[in-house]
Structures are given as C-alpha cells and as structure tokens.
Amino acid sequence: MIRFTGFIQAVWKQLRFRPAAFLIAALLSVLAASEPCIAEPPLQALRLLVPPSNSSLPLLLLADMDPIPRIDIQAQAYLNHPQALAMLLRGQADLLLTGTSQGWENYLSGGPILMINTGVWGISYLIGSRDCPPIRRISELAGKRIALPFPGSPLDFQTRSLLHRHGLNPDRDCTILYSPLPQTAALLLQGQIDAAPIPEPMASELVINRGLRRLMDYKQAWASAFGGDPLTPQVSLFTTRSFASENTEILQELVLQWRAASEQVVKDPAGAAGQFSGFLGYSEAVIAQSVPNTSFYVPSLQENRHRVKSYYEVVKLYLPGKRGELKEEFFFSP
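Small disclaimer: the values here were computed from a predicted structure and weren't measured.

Asker: Give me the packing of helix α6 (residues 154-165) against helix α10 (residues 218-225): which residues, what numbers.
Answerer: Here α6 crosses α10 at 45°, and the two axes come no closer than 10 Å. Taken as axis vectors, α6 and α10 run oblique relative to one another. At the point where α6 passes α10, the crossing takes the left-handed sense. The segment α6 lies against α10, with Leu155, Gln158, Thr159, Ser161, Leu162 and Arg165 engaging Tyr218, Ala221, Trp222 and Ala225. Considered class by class, the residues forming the contact of α6 with α10 number six nonpolar, three polar and one charged.

Asker: I'd like a rundown of the packing of aromatic side chains, residues and numbers included.
Answerer: Overall, the coordinates contain ten aromatic pairs when judged by the stated rule. With a centroid separation of 5.0 Å and 35° between ring planes, the pair formed by Tyr107 and Phe330 is classed as tilted. Highlighted residues: Tyr107 in helix α5 (residues 100-108) and Phe330 in the segment after α15 (301-315), separated in sequence by 223 residues. A single burial state applies to Tyr107 and to Phe330, both of which are buried. Chaining the aromatic ring pairs together yields one cluster made of Trp104, Phe157, Trp222, Phe226, Tyr311 and Tyr312. A cation over an aromatic ring shows up here: Arg214 above the ring of Tyr125, its NZ or CZ 4.4 Å from the ring centre. Over the aromatic face of Trp121 sits the side chain of Arg307, whose NZ or CZ is 5.9 Å from the ring centroid.

Asker: So what's going on with the environment of Trp258? Which residues, and what values?
Answerer: Mapped onto the elements of the fold, Trp258 is located in helix α12 (residues 248-267). Between the C-alpha atoms of Trp258 and Pro58, which are 200 residues apart in sequence, the distance is 6.3 Å. Residues contacting Trp258, with those up to four places away along its chain left out, are Pro58, Leu59, Leu62, Leu97, Asn117, Thr118, Gly119, Leu237 and Val298.

Asker: Talk me through the confidence of the model for the protein; I want residue IDs and the actual numbers.
Answerer: With 88% of its residues at a pLDDT of at least 70, the protein reaches an overall mean of 89. Here residues 1-28 scores under 50 on pLDDT; set against residues more than four positions off or in separate chains, the count is eleven contacts.

Asker: Go over the side chain of Glu205, please, and point to the residues and values.
Answerer: Counting through the fold element by element, Glu205 comes out in helix α9 (residues 202-210). The buried charged residue Glu205 lacks any salt bridge, with Arg210 as its nearest oppositely charged partner at 5.0 Å. For Glu205, the residues in contact, after removing those within four places along its chain, are Arg210, Tyr282 and Val286.

Asker: Kindly report on unusual backbone geometry, identifying the contributing residues and their values.
Answerer: The peptide bond linking Glu200 to Pro201 adopts the cis configuration, its omega dihedral lying at 5°. Relative to the helices and strands, Pro201 resides in the loop between β8 (195-199) and α9. Of note in the backbone geometry, Asp66 takes a positive phi value of approximately 50° without being a glycine. In this fold, Asp66 is placed in the loop between α3 (57-65) and β2 (71-77).

Asker: Tell me what's going on with the pattern of salt bridges, and back it up with residues and numbers.
Answerer: Applying the stated criterion across every chain, the model contains 14 salt bridges. Across the pair Glu328 and Arg305 runs a salt bridge whose closest N-O atoms are separated by 3.1 Å. Pair noted here: Glu328 is in the segment after α15 and Arg305 is in helix α15, with a separation of 23 residues, a long-range link. Taking the relative accessible area as the measure of exposure, Glu328 reaches 46% and is therefore partly exposed.

So, how was this worked out
- Residues numbered from 1 in each chain as written.
- Predicted model: local features only at pLDDT ≥ 70, side-chain atom pairs only at ≥ 80, totals over all residues.
- Heavy atoms only, no water.
- Axes fitted to C-alpha atoms, helices over the stretch in contact; angles between N-to-C directions.
- Helix = DSSP H or I, 4+ residues; strand = E, 2+ residues; numbered from the N terminus.
- Parallel < 35°, antiparallel > 145°, perpendicular 65-115°, else oblique.
- Left-handed = near helix turned anticlockwise from the far one by under 90°.
- Contact = heavy atoms within 4.5 Å.
- Nonpolar A, V, L, I, M, F, W, Y, C, P; charged D, E, K, R; others polar.
- Phe/Tyr/Trp six-rings, centres within 6.5 Å; stacked < 30°, edge-to-face > 60°.
- Buried < 20%, exposed > 50% of the residue type's maximum accessible area, 1.4 Å probe, protein only.
- Lys NZ or Arg CZ within 6 Å of the ring centre and 35° of its normal.
- pLDDT = per-residue confidence, 0-100.
- Lys, Arg positive; Asp, Glu negative; His and termini not counted.
- Salt bridge = Lys/Arg side-chain N within 4 Å of Asp/Glu carboxyl O.

Written out as structure tokens, the structure is:
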C-alpha cells in the first residue's frame, strides 16, 4: 500500500475526486498557507513642532493624512519659540516650524540649524485702534505710537525697514514700544497705542470680533517699497544638519507633500478651518477669513535659497550685532 502524508496526501485526494480547476485553487491555497509571515517594518515617527498659527495648517494636514509611506507625521503645538528650538537641538523633535529669522539667528551664532524650506511669505497686517484713520502710505505713520513684539523680532526689523524706506526714522519720527502680542491687542483695544503689526489669525480675530481696523497689508507695503514683489520669508521649517544628512529622501518627499498640502489649504479655507480651528484656538469663521490673508507657498529649494538670502541682505541693517552671511550650508540641499 502506498502511504500519503501531509501536502502529498491532500493533492492525491484532489486528483482522484475533483476537477482540474478546483485542484489548481486548492494547490494555491495550500502553498499560500505554507508561506512564512513576514512582518512589515515599524513606522518611523517624524516629530514636528508647530505654532498655533495659520502657518501650521499645511503641516497639520500632512499629520492627519500621513501621505509618505512608512512615515508617521506627528505634530505638536508649542507657544514658546526658544523652548521649541531647545527641544529640536536636544533631539526631542525632528522638525521645527518657526519664524525664518529664528533659524538664521541660531545658524549665525554657530548652531546646527538647517533650513529645509519656507512655507509662509506674508502673514501680518497693521491693525489700528478704532480711532486711527486708514493708512494709505507708510509715511502717514509719522508721529504714531506703534507696538512691536520684541527687539530683533521679524516684525521689528521688517517694520523698521519699511519706515526707513519711506523716509522715516523709527526712533525719532515714531514712538516705538515693545509688547508681546496678547498685551499689544489689549493696548490697541484700550487706545493706548495707535497701531501694531499683527499676524494671522489674530489679526482677523481683532477685526471680526473686537472692532479694530485693518490699516495696512504688510505684503502690499513691502511690494510698494521694494520693487513690486510682495513675498518675504516669514515662517520656515528647520531641522538639524545631522538629521538632514540621515533622512535626505524623507525630507525631499516631505517638501513635495508640504507644497501639495499648502495648495489644498489655499483652495479650501473653510475645510481647513473646520478641521483645525480647535488646534489653533480660534473660531472657524476667523480661520476661514484669515487663510486668504496668508501667503502660503512652498517654492523650489533653489528659489527659497535665493529669496531668503536676498531678504536677509535688505533687513540685516536693522538686526542687532555684527551680521554674518547665510552660506550654502544653512540651506537643505540633497
């Protein structure tokens, strides 16, 4: 007697009693069941620190979608920029979205920061008290009381550049005081200052719900003063040089997905508002209005490098201390 065991026995039974088509299916089933189970590699976490601001909306969308295979994009909000930078440098985060000048200041002081790209090129408006008349030209700010966030902040050196370009000495022709943004809003509401540059979405919040005036668009003011181009690098994405060298392909794909997500936010402000207003801490109506007032744009790496360096050369006269050069090593270049 011929003895059959295991797989051969099963095949013999099919040959004796089943049609050919069923035999083939049975063979495939047995073979598939006999293959070892290969575990997929674990997801790699990509830890992002982002501010509760419009500038974060595209990256929040990426964290929700996770479009890069095997990459789990995780976004965490922060309020204090120096603390967030410290977390990046300690390796507690992989990427940091912050003011462009925050990154170049770390680099110029010898830090390991590297700029990946810039995602926001205009986000602020000059907001005025209820009694402040509309501003048609920068020169009309002569004699006005203006609050700026802190010395050397992006809105400080950009405002000083604009005032100087229009023939005003900021320290002589205006009254400049420094105040954190929440306190600045209170000063505007109390009429203790005339105007202050405010980023979105806070600018829309003060106009829609607090009755303040939108006096001037910083994008248009910059275009008028400096040759017609309204784009200035405001909010950029940074990492460390060591992380970039070990994750070049991931960062290249991230830039592409960031660009697509930025275009999606621009196309559907209401959708972005409905999805992330809670994260930003403002109503959907405020976010939906503020998105069109924000210049979302993720350029090529080459264009970003050119624009950032050109802008830095214009504003560095109004930055504290002796200024160095933004060399190629500061910019992500696969």
